[in-house]
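Summary of the model geometry
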Amino acid sequence: MIWVVLIKLEYEVFAEFKKFKVKVENQSGQRLKIFITSGEGEFNSGEFKKLCEENGIEHEVIVPYTPKNNDLDGRRNSTVVDMTRSLLKEKNLPHIFWGEVVATTNYVLNRCLTKKLKEIVPLEKWTRRKQSSDGDSKSEGDSDSEGDSDSKGDSESDGNPASNGNPISKGGPDSEGGTFEGVPGSEGEIIQCAMMMDVQPVSIVEALKKKVWLEAMKEELKNKKAITVRWVSKMKLNPYGSILKHKTRLIARGFLQKSGLDYIEVFAPLARHETIKLVIVIAANRNWPLIHLYVKFDFLNGPLEEEIHVLQPPGFVMESKEGTVYKLHKALYGLKQVPRACNMKI
């Protein structure tokens, strides 16, 4: 479930968070226990610290400007931003409507199937009520329990141009009952326009239910080819300039991989240079010994979740079996999912 609150100034964050906290606790019947934010100033004020202490909320702070440390939030933010940009471009809207389009994107995503929930949309899971065909779960007299946007004006999202607070109306400046050029007129048209931005199935289960995707899968299997490999050789020299060892790596041509077929997820956390420098400074200041470890073939120990085939390495092709390919069980240098497979193994 995604909530979006549009604000004009940073100091409004605290007041909006208090409203959000009361809202979600009343709707869910649960108390907020953990609050994860970046290390930026608006979330580290004395007011926030006092509120968290008084309510027993654990405030987890990640390094500023490192979305990789908050995987779920980073992916969600990218989805919202990309879909918003697509809507603006599709309808040739000016960036003054950024906030309104973000709210529309959030509205649609909360009513779309996800890989985790599968047969139910996030809004139905949150409200515990079945959505009607027009996407509305409320009846007359019901209170607003949807996790959509509360618009106050400007929106903050990755430095993109923000809305100036002008609402989208159906009538132009000099007309009555007309519409802005390129702006969908009804809620249904808005949802249809947004859904056209991402018509791909969200899961394999959904794709298998539709004949067009099933036929596309069969066609792809007919044309599925094994990934080629190559040898990369290099001489390692010692400090005196003489040859220390001859080193060779078998590299897969990962650029031939196709997203969704040869790999699904490639994200893997990495250490920032700032963190490494900080550790070195602390160790030097306190006279701690530093030990550098090199794990040989660490990338070759990550198990693969996808089914990947590679051709036989040049120079090692088996006689009378030239057309045979290898099925990989563990990662190989060059594959796009190698860092993630290695990290998951560790």
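Residues numbered from 1 in each chain as written. Predicted model: local features only at pLDDT ≥ 70, side-chain atom pairs only at ≥ 80, totals over all residues. Heavy atoms only, no water.

Quick notes on a nonpolar patch on the surface
Convention followed: Like-charged residues are merged into a patch within 9 Å and nonpolar side chains (Val, Leu, Ile, Met, Phe, Trp, Tyr) within 5 Å, provided each residue has over 30% relative accessible area and no salt bridge. Method for areas: the Shrake-Rupley scheme with a 1.4 Å probe, in which residue coverage is limited to the protein chains shown. A pair is scored as a salt bridge if a Lys or Arg side-chain nitrogen falls within 4 Å of a carboxyl oxygen belonging to Asp or Glu. Secondary structure elements follow DSSP: runs of H or I of four or more residues count as helices, runs of E of two or more count as strands, with numbering from the N terminus. Only protein chains enter the accessibility calculation, which uses a 1.4 Å probe; a residue whose area is less than 20% of its type maximum is buried, one above 50% is exposed, and one in between is partly exposed.
A surface patch of nonpolar side chains, amounting to about 360 Å² of accessible area, comprises Ile 276, Val 279, Ile 280 and Leu 290. Here Ile 280 is to be found in helix α9 (residues 273-285). For Ile 280, a relative accessible area of 44% corresponds to the partly exposed category.

Remarks on the pairing of strand β6 (residues 243-252)
Applicable threshold: Here, a strand pair is defined by DSSP locating no fewer than two bridges between the strands.
Summarising the sheet, strand β5 (residues 229-237) and β6 pair through nine bridges and their orientation is antiparallel. From the neighbouring strand, Met 235 faces β6, where its bridge partner is His 246. Here β5 folds back onto β6, and the loop between the two strands holds five residues, one of which, Gly 241, carries a positive phi near 90°.

A word on the packing of aromatic side chains
Two aromatic rings are characterised by how far apart their centres lie and by the angle between their planes. Condition: Paired rings are identified among Phe, Tyr and Trp, the last through its six-membered ring, by centres lying within 6.5 Å, and are further divided according to the angle between planes into stacked (under 30 degrees), edge-to-face (over 60) and tilted (the rest).
Within this structure, the stated rule accounts for seven aromatic pairs. Both rings, one in Phe 35 and one in Phe 48, keep their centres 5.8 Å apart while their planes meet at 15°; by these two values the pair is stacked. Highlighted residues: Phe 35 in strand β2 (residues 34-38) and Phe 48 in helix α2 (residues 46-55), separated in sequence by 13 residues. Taken individually, Phe 35 and Phe 48 each receive the classification buried, so the pair is uniform in this respect. Judged by centre distance (5.7 Å) and plane angle (50°), the ring pair of Trp 231 and Phe 316 falls under tilted. Of this pair, Trp 231 sits in strand β5 while Phe 316 sits in the loop between β7 (309-311) and β8 (325-327), and the two are 85 residues apart along the sequence.

Comments concerning the environment of Val 24
Put simply, the rule reads: We call two residues in contact when some of their heavy atoms are within 4.5 Å.
Residue placement: Val 24 occurs in helix α1 (residues 13-28). When its relative accessible area of 8% is taken as the criterion, Val 24 is described as buried. A C-alpha to C-alpha distance of 9.8 Å links Val 24 and Trp 126, two positions 102 residues apart in sequence. If we skip the residues at most four places from it in the chain, Val 24 touches Trp 3, Gly 29 and Trp 126.

Description of the environment of Ser 242
How we decide: A 3.5 Å cut-off defines polar contacts: any pair of N or O atoms within that distance qualifies, except that in protein one atom must be a possible hydrogen donor and the other a possible acceptor, and neighbouring residues in sequence count only when both atoms are side-chain atoms.
Among the structural elements, Ser 242 can be located in the loop between β5 and β6. In this structure Ser 242 comes out as partly exposed when scored by relative accessible area, which is 36%. A polar contact is formed between the side chain of Ser 242 and the side chain of Asn 238, at a distance of 2.5 Å.

Remarks on unusual backbone geometry
In this model, Arg 128 sits at a positive phi of 60°, which is unusual for a non-glycine residue. Mapping Arg 128 onto the fold places it in the loop between α5 (122-127) and β4 (150-151). Residues other than glycine seldom take positive phi values, yet Asn 287 does so here, at roughly 60°. By the secondary structure assignment, Asn 287 is in the loop between α9 and β7. Asn 287 gets classed as exposed once you look at its relative accessible area, which sits at 69%.

Some details on the confidence of the model for the protein chain
Rule in force here: Confidence of the predictor at the level of single residues is captured by pLDDT, which takes values from 0 to 100.
Summary statistics for the protein chain give a mean pLDDT of 75 and a share of 74% for residues scoring 70 or more. Averaged pLDDT values over the elements of the protein chain bottom out at 52 in β4 and peak at 91 in α9. Below pLDDT 50 for its whole length, residues 139-146 participates in 19 contacts with residues either more than four positions away or in separate chains. Confidence over residues 151-184 falls short of pLDDT 50; this stretch has 70 contacts with residues more than four positions distant or in other chains.

Thoughts on the side chain of Thr 37
Structurally, Thr 37 can be placed in strand β2. In this structure the side chain of Thr 37 is engaged in a polar contact, spanning 2.8 Å, whose partner is the side chain of His 59. Sequence-distant contacts of Thr 37, defined by excluding residues within four places in its chain, comprise Phe 43, His 59, Glu 60, Val 61 and Ile 62.

Some points on the nonpolar core
In plain terms, the rule: In this description, a nonpolar core means a group of buried Ala, Val, Leu, Ile, Met, Phe, Trp, Tyr and Cys residues linked to one another through side-chain atoms lying within 4.5 Å.
The biggest cluster of nonpolar side chains holds 17 residues, and the ones touching the most others in it are Val 101 and Val 102. Breaking this core down by element, the ones donating at least two residues are α3 (71-90) and α4 (98-109). Tallying contributions element by element places α4 first for this core, with six residues. Beyond its immediate stretch of four places on either side in the chain, Val 102 contacts Val 4, Leu 6, Val 80 and Thr 84.

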